[in-house]
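# Structure at a glance
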Amino acid sequence: MPSISERRVAGSLGKFLLIAFAYATMVSGGCVDSNQRDFETIQAGSTVSKEKRDSLRQAFHYLPQLIRLDRTAAMQEINYQLNAWSKSVSDPPEWKPSGLLDSVPASLRTVNFSERLTKLEFGEPECEYMLQCQMMKQIGQWVLERPYHDKLFQGWLEEQKAKLGDDDWAKLTTTLKLFDWSVCNVATEGSPEDVERLINNPDLPLSDSAPVYRQLPWQTLMFARGDAWERARLFTQLCFAQGIDAVALAIPSLTGATENAALRLWCVGVPIGNEIYLFEPRWGLPFPNPNGPGIATLAQAKSDPNVLRRAKLPGRFDYPVESKDLKSVIALVDVEPFAVGRTMFTLERSLTGENRQRLSVDADAFESRLTQLDPQLQVRLWNAPWLAHAYNLSVRTRLDDMSPFSIQYMERFGIFVTDTPISRARILHFKGQFESSIEAAGALRTYMDFRVDEETLRELQYDREIQKSLGVVKRPTETMEAFQARVQMAQLFFRRSKFDIGIFLAMANMDLNKPETAIDWLTKRLLDLKGTERWHAQAHYLLGRNMEQIGDTAGAIEQYKYEATPQAAGNRIRIRRLESRSNPTSTPEVNE
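Residues numbered from 1 in each chain as written. Predicted model: local features only at pLDDT ≥ 70, side-chain atom pairs only at ≥ 80, totals over all residues. Heavy atoms only, no water.

## With respect to the overall build of the protein chain
Just so we agree on the cut-off: Only runs of H or I of at least four residues qualify as helices and only runs of E of at least two qualify as strands under DSSP, and these elements are numbered from the N terminus. Burial classes: relative accessible area under 20% of the type maximum marks a residue as buried, over 50% as exposed, and values in between as partly exposed (1.4 Å probe, protein chains only). It only takes one pair of heavy atoms within 4.5 Å for two residues to be counted as in contact. Accessible surface area values rest on a Shrake-Rupley calculation with a 1.4 Å probe, where residue burial reflects the displayed protein chains alone.
Helix and strand counts for the protein chain come out as 25 helices and 8 strands. Looking at the protein chain as a whole, 54% of its 592 residues qualify as buried. Nonlocal contacts in the protein chain, meaning residues at least 24 apart in sequence, comprise 69% of its contacts between residues at least 6 apart. Summed over its atoms, the accessible surface of the protein chain is roughly 26,500 Å², and 51% of this surface lies on carbon and sulfur atoms.

## Things to note about the packing of helix α7 (residues 166-185) against helix α21 (residues 500-511)
Stated formally: Here the axes come from fitting lines to C-alpha atoms, over the contacting stretch only for helices, and the angles between their N-to-C directions go from 0 to 180 degrees. The labels follow the angle: roughly parallel below 35 degrees, roughly antiparallel above 145, roughly perpendicular from 65 to 115, and oblique for the rest. We call a crossing left-handed when the near helix sits turned anticlockwise from the far one by less than a right angle, and right-handed when that turn is clockwise.
Between α7 and α21, whose axes approach to 10 Å, the crossing angle comes to 155 degrees. The angle between α7 and α21 falls in the class roughly antiparallel. The handedness of the crossing between α7 and α21 comes out as right-handed. Of the residues in α21, those in contact with Trp 181, Cys 184 and Asn 185 of α7 are Met 507, Met 510 and Asp 511.

## A word on the packing of aromatic side chains
Heads up, the condition is: Two aromatic rings, drawn from Phe, Tyr or Trp (for Trp, its six-membered ring), form a pair once their centres lie within 6.5 Å of each other, and the interplanar angle then sorts them: stacked below 30 degrees, edge-to-face above 60, tilted otherwise. Each ring is checked for a lysine NZ or an arginine CZ that lies within 6 Å of its centre and within 35 degrees of its normal; such an atom marks a charge sitting over the ring.
Tallied over the entire structure, the rule returns 22 aromatic pairs. Here the aromatic rings of Phe 223 and Phe 416 are separated by 5.7 Å at their centres, their planes lie at 50 degrees, and the arrangement is tilted. Highlighted residues: Phe 223 in helix α8 (residues 217-223) and Phe 416 in helix α15 (residues 404-417), separated in sequence by 193 residues. The interplanar angle of 45 degrees and the centroid separation of 6.0 Å between the aromatic rings of Tyr 541 and Tyr 560 together place this pair among those described as tilted. Note that Tyr 541 is positioned in helix α23 (residues 536-549) and Tyr 560 in helix α24 (residues 553-560), a separation of 19 residues in sequence. As far as the burial class goes, Tyr 541 and Tyr 560 line up, both buried. Every member of this aromatic cluster is reached through a ring pair, and the members are Phe 223, Phe 405, Tyr 409, Phe 413, Phe 416, Tyr 447, Phe 504 and Trp 535. Geometry around Phe 345 places Arg 349 over its ring, the cationic atom sitting 3.7 Å from the centre. Against the face of Phe 504 rests Arg 426, its NZ or CZ located 4.2 Å from the ring centre.

## A few points about helix α20 (residues 480-497)
The cut-off we apply is this: Multiply 1.5 Å by the residue count of a helix minus one, and that product is the helix's expected span.
An ideal rise of 1.5 Å per residue puts 26 Å on 18 residues; α20 measures up with 25 Å between its terminal C-alpha atoms. Inspection of α20 places Phe 483, Arg 486, Val 487, Met 489, Ala 490, Gln 491, Phe 493, Phe 494 and Ser 497 among the buried residues, and these make up the whole buried set. Where the residues of α20 are buried, they touch α15, α18 (454-459), α19 (464-469) and α21.

## Some thoughts on the nonpolar core
Filter applied, for reference: We define the nonpolar core as a collection of buried residues of types Ala, Val, Leu, Ile, Met, Phe, Trp, Tyr and Cys that are connected through side-chain atoms lying within 4.5 Å of one another.
One finds Trp 266, Phe 287 and Phe 494 to be the most contacted residues of the largest nonpolar core, which totals 173 residues. A total of 10 residues in this core trace back to one element, the largest contributor, which is helix α5 (residues 124-143). Residue contacts for Phe 494: discarding those within four places in its chain leaves Thr 420, Phe 450, Val 452, Leu 457, Leu 460, Leu 470 and Val 472.

## Examining the pattern of salt bridges
The criterion, for reference: Counted as salt bridges are all cases of a side-chain nitrogen of Lys or Arg within 4 Å of a carboxyl oxygen of Asp or Glu.
Following the criterion strictly, the structure yields 23 salt bridges and no others. A salt bridge links Arg 412 to Glu 189, with the shortest nitrogen-to-oxygen separation between them at 3.1 Å. Taken as a pair, Arg 412 in helix α15 and Glu 189 in the loop between β1 (187-188) and α8 lie far apart in primary sequence, 223 residues in all. Note that Glu 478 is salt-bridged to Arg 486, the shortest N-O span being 2.8 Å. Via salt bridges that share partners, Glu 124, Glu 128 and Arg 396 belong to a single interconnected network.

## What about the side chain of Glu 126?
For clarity, the threshold we go by: For this analysis, a polar contact is any N or O atom pair within 3.5 Å, provided that within protein one partner can donate a hydrogen and the other can accept it, and provided that sequence-adjacent residues contribute only side-chain to side-chain pairs.
Relative to the helices and strands, Glu 126 is located in helix α5. Here the side chain of Glu 126 touches Gly 123 through a polar contact of 2.9 Å, landing on its backbone nitrogen.

## Some words on the sheet that holds strand β5 (residues 275-280)
Where we set the bar: For two strands to count as paired, DSSP must find a minimum of two bridges between them.
Across the sheet, 6 strands lie side by side as β6-β5-β4-β3-β7-β8; this open sheet has mixed pairing. What marks the edges here is a single partner per strand, and that holds for β6 (285-286) and β8 (378-381). Both strand β4 (residues 264-272) and β5 contribute to a ladder of 5 bridges, which runs antiparallel. Among the inter-strand pairings, Pro 271 is bridged to a residue of β5, identified as Ile 276. Strands β3 (247-251), β4 and β5 of the sheet are contacted by helix α9 (residues 228-241), whose axis makes an angle of about 15 degrees with β4.

## Considering the pairing of β5
Most of β5 sits out of view: 5 of its 6 residues are buried. Following β4, the chain reverses through 2 residues before pairing antiparallel with β5; Gly 273 in that reversal takes a positive phi of roughly 65 degrees. Sheet analysis places β5 next to β6, joined by 2 bridges and oriented antiparallel. What sits directly across from Glu 280, in β6, is Leu 285. Hairpin connection, β5 to β6: the antiparallel pair is bridged by 4 residues, and Gly 284 has positive phi, about 70 degrees.

## Quick look at a negative patch on the surface
What counts here: Patch members must show over 30% relative accessible area and no salt bridge, and they are joined within 9 Å when carrying like charges or within 5 Å when they are nonpolar side chains of Val, Leu, Ile, Met, Phe, Trp or Tyr. Note that His is not counted, nor are the chain ends; the positive residues are Lys and Arg, and the negative ones are Asp and Glu. The location of each charge is read from NZ of Lys, CZ of Arg, CG of Asp or CD of Glu.
Taken together, Glu 193, Glu 196, Asp 318 and Glu 322 make up a surface patch of like negative charges. Following the sequence through the fold, Glu 322 ends up in the loop between α11 (306-309) and β7 (330-333). Given a relative accessible area of 37%, Glu 322 falls into the partly exposed group.

## What to know about unusual backbone geometry
Cis rather than trans, the peptide bond between Leu 204 and Pro 205 has omega equal to 5 degrees. One non-glycine residue, Val 212, lies in the positive phi region at around 80 degrees. The exposure class assigned to Val 212 is buried, which follows from its relative accessible area of 0%. The phi dihedral of Ala 224 falls on the positive side, at around 60 degrees, and the residue is not glycine. Here Ala 224 shows up in the loop between α8 and β2 (225-226). On the basis of relative accessibility, which here comes to 0%, the residue Ala 224 falls in the buried class.

## Some thoughts on the environment of Arg 496
Tracing the sequence through the fold places Arg 496 in helix α20. When the C-alpha atoms of Arg 496 and Gly 531 are compared, they prove to be 7.4 Å apart, with 35 residues separating the residues in sequence. If we ignore the near neighbours within four places in the chain, the residues touching Arg 496 are Glu 411 and Arg 412.

This is the structure in C-alpha cells:
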C-alpha cells in the first residue's frame, strides 16, 4: 500500500497531467473531444462543491451571533446560506425516521419545529441547535487536552486503563473530564433538601416554574447557573459532541405508572464498554462505588444493595431510591429533536474541515446497544429536549413585549444575551482563548473589562458611544420611551452583575490550572463582597476543589461543610471519601 506522501505525490501528478492534457487539447484546435468535456465537467463540479462549502462556511461564521437577543441580521444570513446549500443537495444520503420517535408524546411532535424533522430545511430552532453543537465542540477541544483533576477518581481511572480497551478508556476519561468541568462551571439552584425527592419527568403544558427545560444547554453554559438537571443536560450535550451518548435514567411512579409524566428522574447513565456508569446530577459527583474507589454502574446498583444504601447520610440526608425501585428502569435518550431529523443527518455528512462536527444520532442503533447491555431497560427518546425548545420559542416571543416576565428575565440574564463584555468573555472562555494577543483580547482581559465604573454607568443614560460599547443600542422600531426603560434596566443589571466577574475569573483560572489565583478571586473578591451571595454556594465548592489541588485537604473539607447549597449531600459524600482516602482506618466525618 502506498504511503501518505506517495499518495499525495500521485494525486498532484494526476492533477498536473489532467490540466496539461486539457491545455494541449485546447491549443491544438478543432472540435472539443470527450476528454475536454470530462475536464469541463470536473471543473463545473468543483465550482459547485466550492459554492456549497462557502455557503456552509458563511453559515457557521455567523452562528455565534445568535447568542445575542437582537440577532435578526445574523439569522437571515444563516438561513440564506443554509437553505441555499440545502437546495443544492441533489442526491441526499438515505435517511429514515427512528422508531423511537413514537415514544415522544404526539402533542410535542406537532409543535412547530418538530414538523420539519422529515424535511431538508432550516429555521431558527435548527440554527440555534447548530450554535449549541459548535459551542460544545469548542469546549471539548481544549478541556480534553488538559489533565483530569478530580483526585477522588484519578487513581481509579488509571487502574481502568489495564481493564478497558483503548477506545473505552478514552471515552471514560472524556466523560469524567466533561462531567467535572460541568460541575465546576455551573452553579446549581435549589435547596439542600431537593436531593431527598425525585422530580417528575416534565410534560406539557409549559410552565415558567418547571424544572429541567427552562434553559437550553447552551444557555445554561452562558448563564453558569441552572437546576441540577439543566446542568446535567449540559454534561450530556458535551458528551454528545464527542460521540458519547447518554441517558436520563428514570423509575416508575410510586404507583408503578410508566407514562412520561409519571416517571421520576433518577440520575444520568453513560454506556461505555459493557457497563452503564452512573452520575448523580444533584450531588455533582459520579455515583461512588460502595466497595472502593471508582464509579458505580447500573448493573452494580441493581445487584448490590450497598450502592444505594451508601447513598444515604444518616442524620443528614435520605436518598429517595432503593434497590426495589430498579426493577423497572427507563432509559430516556438525551438528544435534541434535530439530532434525529433529516436536516442534521444530511448536513453532518456534508461538513468538512474545521466545520466538521457531530449533529445527528442513530437512535435505533443506540437503543439496540442499550438493550444489549441491559435487556430489561425500556428505552425512549426523552421529551425534555423537545420541551426545552418549545419553551425557548415561547420566551423569545414574550421578550418582544415589555412585561413583568421580560423585565425579570432581562434582569437575570440580560448581560448574557446581549452584546456585552461579559457575553464576549464567556464565548472566548468556551473557546479556550484565555490570554490576550496583539490582535485581540482574551477571556481574562475581557472579563476584567466588564468591571464598569459608576460614572460610566451614569453616562450610559445619554452617551451614545457608551451605549454602543455596552451593547445597548436603540432598535429601529423601538420608541424612545421603551429604549430609555431598557437603558435603565441595563444600568441595573450592569451594577448587579459586576459581582459575577469574581466567579467567572475563578472558573477561568481553575481551567488554567492556577488554583492559587482562583482561591484569591474566590476569597478576596467574591465571598468578602456584599452582593455576591447568589454565588456563595458555588464559591465554597470551588474553593474546596482548588484547595484539594494544592494539597490542603483539611481546608477543602471545611469548605464542603457549607450547608446553604443544593449540592450539600454530594459535598458531604465527598468529605466522606476524602477522609476515607487520607486515613482509611479513621471514622469518617459522616457516620455511615
